[in-house]
Amino acid sequence: QKEVEQDPGPLSVPEGAIVSLNCTYSNSAFQYFMWYRQYSRKGPELLMYTYSSGNKEDGRFTAQVDKSSKYISLFIRDSQPSDSATYLCAMEVAPGNTGKLIFGQGTTLQVKP
Amino acid sequence: ETGVTQTPRHLVMGMTNKKSLKCEQHLGHNAMYWYKQSAKKPLELMFVYNFKEQTENNSVPSRFSPECPNSSHLFLHLHTLQPEDSALYLCASSQVGTGEGTDTQYFGPGTRLTVL
């Protein structure tokens, strides 16, 4: 069983749709949960980061962590064509700051105008 | 130059060639990483250098040889590669060991490697 599972997609939605991206994980020691966004021909860049359980909102993006279900989500409201990219979830055990991130395989999202 | 830069951006090599990938970070970080990214697979951490010392080698074949001469530069030396080594090789840097909280890793654009 992979430590982190992510549906690779591709996921295609119309502009303005609400997008839900998800990851499941098996290691209950993970405490830090991140979402990276990777545009074509670019390296990944950190989009959002959440510690332990709960929600975090940043503009049109909401990150949600459910540790009891070992499940994390990224919601994108009012999706735009510029959101078209690959979204990778990543996780790290406590105390963090170790440099050892475990990534999912990434979900490719296409938002059509 | 800002952030993390990688050269070359594209590389085609034969199985008997020797080549090197270069990474430079302009962020003052103390840790640098090499990752391999293949289609439909998670990012695979290959090597970690923390304060210029290699702290992680995730069972990477010896045909990949890293070098970190200082905290700003990282190389990946390649020799006698196989076609299955074709992938995007990403370099990243971060500031580790500064207390609790995850480190944000900053990635370069990657080198697209094709092994014939």
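Summarised in this report is the structure supplied together with it. (Residues numbered from 1 in each chain as written. Chains lettered and ligands numbered in written order. Predicted model: local features only at pLDDT ≥ 70, side-chain atom pairs only at ≥ 80, totals over all residues. Heavy atoms only, no water.)

1. As for the overall build of chain B
- When its secondary structure is counted, chain B shows zero helices and 11 strands.
- For 116 residues, the compact-globule estimate of 2.2 N^0.38 gives 13 Å, and chain B sits close to it at 14 Å.
- Principal axes of the C-alpha set define a box for chain B whose edges measure 45 × 30 × 25 Å.
- Per-residue burial over chain B gives 49% buried out of 116 residues.
- In chain B, the proportion of contacts linking residues at least 24 apart, taken out of those at least 6 apart, comes to 55%. (Helix = DSSP H or I, 4+ residues; strand = E, 2+ residues; numbered from the N terminus. Rg over C-alpha atoms; globule rule 2.2 N^0.38 Å. Buried < 20%, exposed > 50% of the residue type's maximum accessible area, 1.4 Å probe, protein only. Contact = heavy atoms within 4.5 Å.)

2. Section: the pairing of strand β3 (residues 19–25) of chain A
Residues and elements named next belong to chain A.
- With burial as the criterion, only one face of β3 is covered, namely that bearing Val-19, Leu-21, Cys-23 and Tyr-25; the residues Ser-20, Asn-22 and Thr-24 on the opposite face remain uncovered.
- One ladder, built from three bridges, connects strand β1 (residues 4–6) with β3; its direction is antiparallel. Within β3, the position partnered with Val-4 by the bridge is Tyr-25.
- Where β3 and strand β8 (residues 71–76) come together, six bridges link them in antiparallel fashion. The partner of Thr-24 across the bridge, within β8, is Tyr-71. (Pairing = 2+ DSSP bridges.)

3. Some thoughts on the side chain of B:Gln25
Residue and element names in this part refer to chain B.
- For Gln-25, the location among the structural elements is in strand β3 (residues 18–25).
- For Gln-25, a relative accessible area of 3% translates into the label buried.
- Engagement of the side chain of Gln-25 in a polar contact is seen with the backbone oxygen of Ser-71, the distance being 2.8 Å. (Polar contact = N/O pair within 3.5 Å; in protein donor to acceptor, adjacent residues only side chain to side chain.)

4. Points about the environment of A:Ser12
- Looking at the secondary structure, you find A:Ser12 in strand β2 (residues 11–14).
- Along the sequence, A:Ser12 and A:Gln64 sit 52 residues apart, while their C-alpha atoms lie 22 Å from each other.

5. Some thoughts on the state of the cysteines
- In the structure shown here, the tally under the stated rule is two disulfides over all chains.
- Across the disulfide from A:Cys23 sits A:Cys89; the S-S distance is 2.0 Å. Between A:Cys23 and A:Cys89 the disulfide shows an S-S torsion of about -100 degrees. By sign, it is left-handed. Note that A:Cys23 is positioned in strand β3 and A:Cys89 in strand β9 (residues 85–93), a separation of 66 residues in sequence.
- Each sulfur of the disulfide joining B:Cys23 and B:Cys91 lies 1.9 Å from the other. (Disulfide = S-S within 2.5 Å.)

6. Considerations on the packing of aromatic side chains
- A full pass over the atoms with the stated rule returns 11 aromatic pairs over all chains.
- Pairing B:Phe64 with B:Tyr89 gives two aromatic rings, centres 5.8 Å apart and planes at 35 degrees, and the pair type is tilted. One end of the pair, B:Phe64, is in strand β7 (residues 64–70); the other, B:Tyr89, is in strand β9 (residues 87–94), with 25 residues separating them in the sequence.
- Overall, B:Tyr89 belongs to the buried group, its relative accessible area being 1%.
- The rings of A:Tyr36, A:Phe103, B:Tyr33, B:Tyr35 and B:Phe107 are connected pair by pair, giving a single aromatic cluster. (Phe/Tyr/Trp six-rings, centres within 6.5 Å; stacked < 30°, edge-to-face > 60°.)

7. Re the interface of chain A and chain B
- Tallying the contact residues gives 24 residues for chain A and 25 residues for chain B.
- Carbon and sulfur atoms make up 51% of the surface buried where chain A meets chain B, a total of about 1,900 Å² over both sides.
- Between the two partners, chain A and chain B, sit zero salt bridges.
- One can count three residue pairs in polar contact (both at pLDDT 80 or more) joining chain A with chain B.
- With four residues, strand β4 (residues 30–38) of chain A is the largest single contributor of residues to the side of chain A that touches chain B.
- Of the residues contributing to the side of chain A that touches chain B, the split by class is 11 nonpolar, nine polar and four charged. (Buried area = accessible area lost by both parts, 1.4 Å probe. Salt bridge = Lys/Arg side-chain N within 4 Å of Asp/Glu carboxyl O. Nonpolar A, V, L, I, M, F, W, Y, C, P; charged D, E, K, R; others polar.)

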